[in-house]
Amino acid sequence: MLTGKTAIVTGGSRGIGKAIAIELAKNGANVVVNYAGNEARAQEVVEEIIGLGVQAIKVQADVANEAQVKELMQTTIDTFGSIDILVNNAGITRDNLLMRMKETEFDQVINTNLKGVFICTKAVTRQMMKQRSGRIINVASIVGVSGNPGQANYVAAKAGVIGLTKTTAKELASRNIIVNAVAPGFISTDMTDELTDEQKSGMLELIPLARFGQPEDVAKVIRFLASDDASYITGQTIHIDGGMVM
Amino acid sequence: MADVFDRVKEIIVDKLDVEESKVTMEASFKDDLEADSLDVVELVMELEDEFDMEIADEEAEKINTVGDAVNYIKNLQG
């Protein structure tokens, strides 16, 4: 159980982030729902969490903006007094073939998906070092391990997140801060709804468990990594992909 | 209010778990007080809180001895 713990979920207003926020709340954590733009959807998540009997607030912040991220951390500390769990989930896609990918498309994805994790991790570490405890869980992607045509920017960012996870885990282990990543495969969300039926059926053939994942499949692993049960696991990347990449 | 050196010393003794007598103005954090680089980062954080100031990363990197820290804080306090 995570009773009394405080969790921040970046990009927590929809998709996998929303499922993570709700799963942590179901296990007793108070949750800060960070969002970039969609205040109404963030508010819906906050209300759903409050309905579960724990506390929640929403905080707008661009994870790639250091000043805004510092505000996010300060607001969390002012409201709940600690930050026990940070889930770096916020992410975007700007898919294109490498030969057609614009530099801006590359930069945008690297900024949010990789640099954003760096900025949020750096900002939360100050508090977690003082506490002498903390959990950081990064949402990478299975394509960061396997590669994926049309996603050079996204894959580069997610592979970067996996490396960042390992280094952060090594640097902060002596302060009892545990850092892990999850690498979801094909999970049904708004992001993957954009794929064509042909792309979807092609992917299904690659999944030994022969079904797509649900956001809850990812959320439950993150809940485990955030719990005391996972206290001897750090620097790892857990694949949640139905066996697609082994 | 206690002298800057005494306040800095108290934090160092507490954080690095070293004997008071070892904390002199000349003592190097890494060589004499057995602090690793993360310890120094943490000390700087504590000093920022104690003296209610922000020490920029590029300035923090120049703090090698107890005296560096004390003098930096004194200079900022004017």
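Residues numbered from 1 in each chain as written. Chains lettered and ligands numbered in written order. Predicted model: local features only at pLDDT ≥ 70, side-chain atom pairs only at ≥ 80, totals over all residues. Heavy atoms only, no water.

Colleague: Can you walk me through the overall build of chain B in this structure?
Modeller: Counting secondary structure elements, chain B contains 4 helices and 0 strands. Radius of gyration (C-alpha) of chain B: 11 Å, near the 12 Å computed for a compact globule of 78 residues. Referenced to the eigenvectors of the C-alpha coordinate spread, the extents of chain B come out at roughly 30 × 30 × 20 Å. Counting only residues that meet the buried cut, chain B has 46% of its 78 residues in that class. Of all intrachain contacts in chain B linking residues separated by at least 6 positions in sequence, the fraction that spans at least 24 positions is 49%. When the 7 positive and 25 negative side-chain charges of chain B are each reduced to one mean point, those points stand 4 Å apart. (Helix = DSSP H or I, 4+ residues; strand = E, 2+ residues; numbered from the N terminus. Rg over C-alpha atoms; globule rule 2.2 N^0.38 Å. Buried < 20%, exposed > 50% of the residue type's maximum accessible area, 1.4 Å probe, protein only. Contact = heavy atoms within 4.5 Å. Lys, Arg positive; Asp, Glu negative; His and termini not counted. Charge placed at Lys NZ, Arg CZ, Asp CG, Glu CD.)

Colleague: What should I look at first to understand the overall build of chain A in this one?
Modeller: When you go through chain A residue by residue, the secondary structure sums to 9 helices and 7 strands. The C-alpha radius of gyration of chain A comes to 17 Å, within 12% of the 18 Å expected for a compact globule of 246 residues. In terms of overall dimensions, chain A has C-alpha extents of about 50 × 35 × 35 Å along its principal axes. For chain A, the proportion of its 246 residues judged to be buried stands at 48%. Taking contacts inside chain A between residues at least 6 apart in sequence as the whole, the part at least 24 apart equals 73%. Surface summary for chain A: the accessible area is close to 11400 Å², and the carbon and sulfur share equals 50%. Within chain A, one finds 24 positive and 26 negative side-chain charges whose respective centroids are separated by 7 Å. (Areas by Shrake-Rupley, 256 points an atom, 1.4 Å probe, with all protein chains shown as cover.)

Colleague: Is there a simple way to explain the interface of chain A and chain B in this structure?
Modeller: Counting residues at the interface gives 8 residues for chain A, matched by 9 residues for chain B. Between chain A and chain B the total buried area reaches about 780 Å² when both faces are included, carbon and sulfur atoms providing 44% of it. Among the residues of chain A in contact with chain B, A:Arg126, A:Met129 and A:Arg175 are the three that bury the most area, contributing 59% of the side total. At the junction of chain A and chain B, the tally comes to 7 salt bridges. For B:Glu42, the salt bridge identified is with A:Arg175, shortest N-O distance 2.7 Å. Between chain A and chain B we count 5 residue pairs in polar contact (both at pLDDT 80 or more) in total. With 4 residues, the top contributor of residues to the side of chain A that touches chain B is helix H4 (residues 103-131) of chain A. Class assignment of the residues belonging to the side of chain A that touches chain B gives a composition of 1 nonpolar, 1 polar and 6 charged. (Buried area = accessible area lost by both parts, 1.4 Å probe. Salt bridge = Lys/Arg side-chain N within 4 Å of Asp/Glu carboxyl O. Polar contact = N/O pair within 3.5 Å; in protein donor to acceptor, adjacent residues only side chain to side chain. Nonpolar A, V, L, I, M, F, W, Y, C, P; charged D, E, K, R; others polar.)

Colleague: Help me understand the packing of H4(A) against helix H2 (residues 37-51) of chain B, please; the structure alone is not making it clear to me.
Modeller: The geometry of H4(A) relative to H2(B) is characterised by a closest axis approach of 11 Å and an angle of 95° between their N-to-C directions. By the angle between their axes, H4(A) is roughly perpendicular relative to H2(B). The segment H4(A) lies against H2(B), with A:Arg126, A:Met129 and A:Lys130 engaging B:Leu38, B:Glu42, B:Met45, B:Glu46, B:Glu48 and B:Asp49. When its residues are assigned to classes, the contact of H4(A) with H2(B) shows 3 nonpolar, no polar and 6 charged. (Axes fitted to C-alpha atoms, helices over the stretch in contact; angles between N-to-C directions. Parallel < 35°, antiparallel > 145°, perpendicular 65-115°, else oblique.)

Colleague: Is there a simple way to explain the UniProt feature "active site" (unreviewed entry) in chain A in this structure?
Modeller: In the numbering adopted here, UniProt assigns the feature "active site" (unreviewed entry) to A:Tyr154. Residue position: A:Tyr154 is located in helix H6 (residues 152-172). (UniProt positions renumbered as here; feature names shortened; annotations may be inferred.)

Colleague: Would you take a moment to explain the UniProt feature "binding site: NADP(+)" (unreviewed entry) in chain A for this structure?
Modeller: Residue and element names in this part refer to chain A. The UniProt record marks Gly11, Gly12, Ser13, Arg14, Asn89, Tyr154, Val155, Ala156, Ala157, Lys158 and Ile187 with the feature "binding site: NADP(+)" (unreviewed entry), using the residue numbering of this structure. Over a stretch of 177 residues, the named residues are scattered through the fold, their C-alpha atoms separated by up to 24.6 Å. Put simply, the named residues that line the second largest cavity are Asn89. Take Tyr154: its relative accessible area is 10%, and that puts it in the buried class. Secondary-structure assignment places Lys158 in helix H6. Excluding its chain neighbours within four sequence positions, the residues that come into contact with Lys158 are Asn113, Val139, Ala140, Ser141 and Gly144. (1 Å grid on protein atoms, 1.4 Å probe; cavity = no way out; pocket = protein on both sides within 12 Å on 5 of 7 lines; lining within 4 Å.)

Colleague: Explain helix H3 (residues 66-80) of chain A to me, please; I cannot follow it from the model alone.
Modeller: The periodicity of an α-helix, 3.6 residues per turn, causes residues three or four places apart in sequence to face the same way. Residues and elements named next belong to chain A. The end-to-end C-alpha distance of H3 is 21 Å, a good match for the 21 Å that 15 residues give at a rise of 1.5 Å each. Within the span of H3, buried status applies to Val69, Leu72, Met73, Thr76 and Phe80. The buried residues of H3 all sit within an arc of 90° when viewed along its axis, so they share a single face. Exposed residues pointing more than 90 degrees away from the buried face of H3 are listed as Ala67, Glu71 and Asp78. Close packing links the buried residues of H3 with strand E1 (6-9), strand E2 (30-35), strand E3 (56-60), strand E4 (85-88) and H4. For H3, the capping residue at the N-terminal end is Asn65, with a side-chain oxygen 3.1 Å from the backbone nitrogen of Ala67. In the stretch just after H3, Gly81 is the one whose phi turns positive, near 85°. (Expected span 1.5 Å × (residues − 1). Arc of directions from axis to C-beta.)

Colleague: What's the story with the side chain of A:Asn88 in this structure? I'm lost.
Modeller: The residue A:Asn88 is located in strand E4 in this model. Apart from residues lying up to four places away in sequence, A:Asn88 is in contact with A:Thr10, A:Val117, A:Cys120, A:Thr121, A:Ile136, A:Ile137, A:Asn138 and A:Val139.

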